[in-house]
Amino acid sequence: MSRRIINRRPDRGGRIAWGAFPFILAIIAYFIFSALRLADNPNDKLLPGLAAFGAAIHRMAFAQDMRTGEILLWVDTLASLGRLAMGLAVATLLGLVFGIATGVIPYVRSGLSPFIAVVSMVPPMAILPILFIVFGLDELSKVVLIVIGITPFLIRDLTLRVTDMPGELLIKAQTLGASTWQIILRVVLPQMAPRLADAIRLSLGPAWLFLISAEAIAATDGLGYRIFLMRRYMAMDVILPYVAWITFLAFMMDWALRVFNRRCFPWLASTDGS
Amino acid sequence: MSQVSVRNLWMEYPGQIVLERINLEIASGEFCVLIGPSGCGKTTFLRLLLSMEQPTRGEILLDGEKLPAEPGPDRGVVFQRYSVFPHLTVVQNVILGLEFGGSPLLGKLFGASRRRAIAEAERVIEAVGLSASRNKYPAQLSGGMQQRLAIAQTLIRKPKLLLLDEPFGALDPGTKTQMYELITRLWREEQITVFMVTHDLKEGFTLATRVLTFDKVRVDPGAPGAYGATITFDLPLERRHA
């Protein structure tokens, strides 16, 4: 008797094979089309072959730039990651403080949540010109764009998580003699930390989006800047490895946060599913 | 001492009266069980005792003084669910009450004072039979063990009143029997006044020294919210003291 397909599961090896399948397929498809185009026109720039990639990667990631004497990929990566880290750090701090205050203290909730609900609807890209005017074209406006872009989401998500906490826990803490501050510190904050890490994971995509947009418009270094600069020369042999590198960085950050949650909050694993 | 007086208590919501004309004198050390049909206000009465809500008329006195307007360490509580903190182990859950009392700023004890708190907690944990699970998180405990933990956590603050809101409602019959023995023993040892809400009559009569039944004495079929529930029977029980 063959089982229904919803009841059939791949084993460990099967999962790896099935997981690798689309990647391999995409890579094969790319090189087939690349080879076809290169056969037509050896100078084709749209789908460069392996050799072109190798040369471009060597030029960007391992050789010093002739003009500046720096290795461009690392300069760009450091610049972008610096902005991203700064933006995420500020947004996380704001999200934590306002999210918990809004969730725990009714007066703060009444005062802030309508405002945050409206502000979170402002498209961040629409106010990018304002940021450039107010904060200038250098680092600050890029960091502010990331902060403005993801903080409202972090606050609202955290507020929801706090208000989702069983009210019994807050009552119980009070019957144990806790003050508001102690409740926040010992009951709310520790339970919200993993939720915050999850919210940051979900914000990584938008954060990169805002970073690359800001770099594309006004910057002198950074991964987004380089990609948009290379577009002028249709240098796909640089752009595609850069995109792959950005994807890799974003994926690693997501993975690191997931591992952080699993390692730092052992109580979480046993709570999930209950 | 923990003597409770309830004077002409009313609880009214817009368009609905939940409780009316409640008068009670509860001596220190009583084990009161509140029973009655669903929606008859017994849980509301417990919430009033806990100051989760304020009565619209009348007052509740604890040892002659009006109850504070918010929950505090003079009244401990165990709910049916969510009574323990999921992010803390058994020991951490129990010492939490001592930490709140001993460290206003951080809510956390360190060094010698922490060791003293743990030593005190160990005694309570031993009393509820959780010593073997002292470093487990609540989610790793069974329902009955979680309720034992909730009781231990409450007792460490030595409250005047212990309020139990259907604490054994989610437990299987065997575990319930064990919990009856435990709560009876602790009630005797701590000489604490207990209020317990249940809808299990047998449980009520097993545990109580006094059974209070809540029900509506007047019902207007056209306006179900017009009259509230009150205490219809107040039965003092002779309890065998083993």
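Residues numbered from 1 in each chain as written. Chains lettered and ligands numbered in written order. Predicted model: local features only at pLDDT ≥ 70, side-chain atom pairs only at ≥ 80, totals over all residues.

## Topic: the interface of chain B and chain A
Put simply, the rule is: Contact criterion: two residues are in contact if their C-beta atoms, reconstructed from the backbone, are within 7 Å. Comment: elements are numbered from the N terminus, with helices defined as DSSP H or I runs of at least four residues and strands as E runs of at least two. For this classification, the nonpolar set comprises Ala, Val, Leu, Ile, Met, Phe, Trp, Tyr, Cys and Pro, the charged set comprises Asp, Glu, Lys and Arg, and every other residue, Gly included, is treated as polar.
Counting from both sides, the interface comprises 27 residues of chain B and, opposite them, 21 residues of chain A. Counting only elements with at least two residues in the side of chain B that touches chain A, the list comes to strand E6 (75-78) and helix H2 (90-102) of chain B. With 4 residues, the top contributor of residues to the side of chain B that touches chain A is H2 of chain B. For the side of chain B that touches chain A, the class distribution of residues is 15 nonpolar, 8 polar and 4 charged.

## What about the domain arrangement of chain A?
What counts here: Where each domain starts and ends follows an automatic or database-derived domain assignment.
Each domain of chain A was delimited in the assignment, giving domain 1 (10-42) and domain 2 (61-265). A separation of 33 Å is found between the C-alpha centroids of domain 1 of chain A and domain 2 of chain A.

## As for the domain arrangement of chain B
All names here are of chain B. When the domains of chain B are assigned, the result is domain 1 (1-74 + 159-242) and domain 2 (85-157). For domain 1 versus domain 2, the separation of C-alpha centres amounts to 26 Å. For the side of domain 1 that touches domain 2, the leading source of residues is helix H5 (residues 173-190), giving 6 residues. Taken together, the residues of the side of domain 1 that touches domain 2 sort by class into 10 nonpolar, 2 polar and 1 charged.

## With respect to the packing of helix H3 (residues 72-104) of chain A against helix H8 (residues 180-217) of chain A
All names here are of chain A. Keep this limit in mind: Each axis is a line fitted through C-alpha atoms, taken for helices only over the stretch in contact, and angles between the N-to-C directions span 0 to 180 degrees. Just so you know how the angles are binned, under 35 degrees is roughly parallel, over 145 roughly antiparallel, 65 to 115 roughly perpendicular, and the rest oblique. Each crossing gets its hand from how the near helix is turned against the far one by less than a right angle, where anticlockwise is left-handed and clockwise is right-handed.
As a packed pair, H3 and H8 sit with axes 8 Å apart at the nearest point and diverge in direction by 140 degrees. Our classification of the angle between H3 and H8 gives oblique. Regarding H3 and H8, the two cross each other, and that crossing is right-handed. Residue-level inspection shows Ser-80, Arg-83, Leu-84, Gly-87, Leu-88, Thr-92, Gly-95, Leu-96, Ile-100 and Val-104 of H3 in contact with H8, the latter providing Ile-184, Val-188, Leu-189, Met-192, Leu-196, Ile-200, Ala-207, Leu-211 and Glu-215. Split into classes, the residues belonging to the contact of H3 with H8 amount to 13 nonpolar, 4 polar and 2 charged.

## Brief notes about unusual backbone geometry
Note: most residues except glycine have negative phi, and most peptide bonds are trans. Residues and elements named next belong to chain B. Heads up, the rule is: Field definition: a residue is buried when 20 or more other C-beta atoms are found within 10 Å of its C-beta, exposed when 12 or fewer are, and partly exposed for counts in between, with C-beta atoms placed from the backbone.
For Arg-21, which is not glycine, the phi torsion reads 50 degrees and is therefore positive. Residue placement: Arg-21 occurs in strand E2 (residues 16-26). A residue is classified by how many C-beta atoms lie within 10 Å of it, and Arg-21, with 14 of them, is partly exposed. A positive phi angle, close to 65 degrees, is found at Ser-51, a residue other than glycine. Within the secondary structure, Ser-51 is located in the loop between helix H1 (42-49) and strand E4 (57-62). The class of Ser-51 is buried, set by 20 C-beta atoms lying within 10 Å.

## Here we look at the packing of H3 of chain A against helix H4 (residues 106-119) of chain A
Residue and element names in this part refer to chain A. Between H3 and H4, whose axes approach to 6 Å, the crossing angle comes to 120 degrees. Judged by the angle between their axes, H3 and H4 are oblique. As H3 packs across H4, the resulting crossing turns out to be left-handed. Residues Phe-98, Ala-101 and Thr-102 of H3 form the contact with H4, whose own contacting residues are Val-108, Arg-109, Leu-112 and Ser-113.

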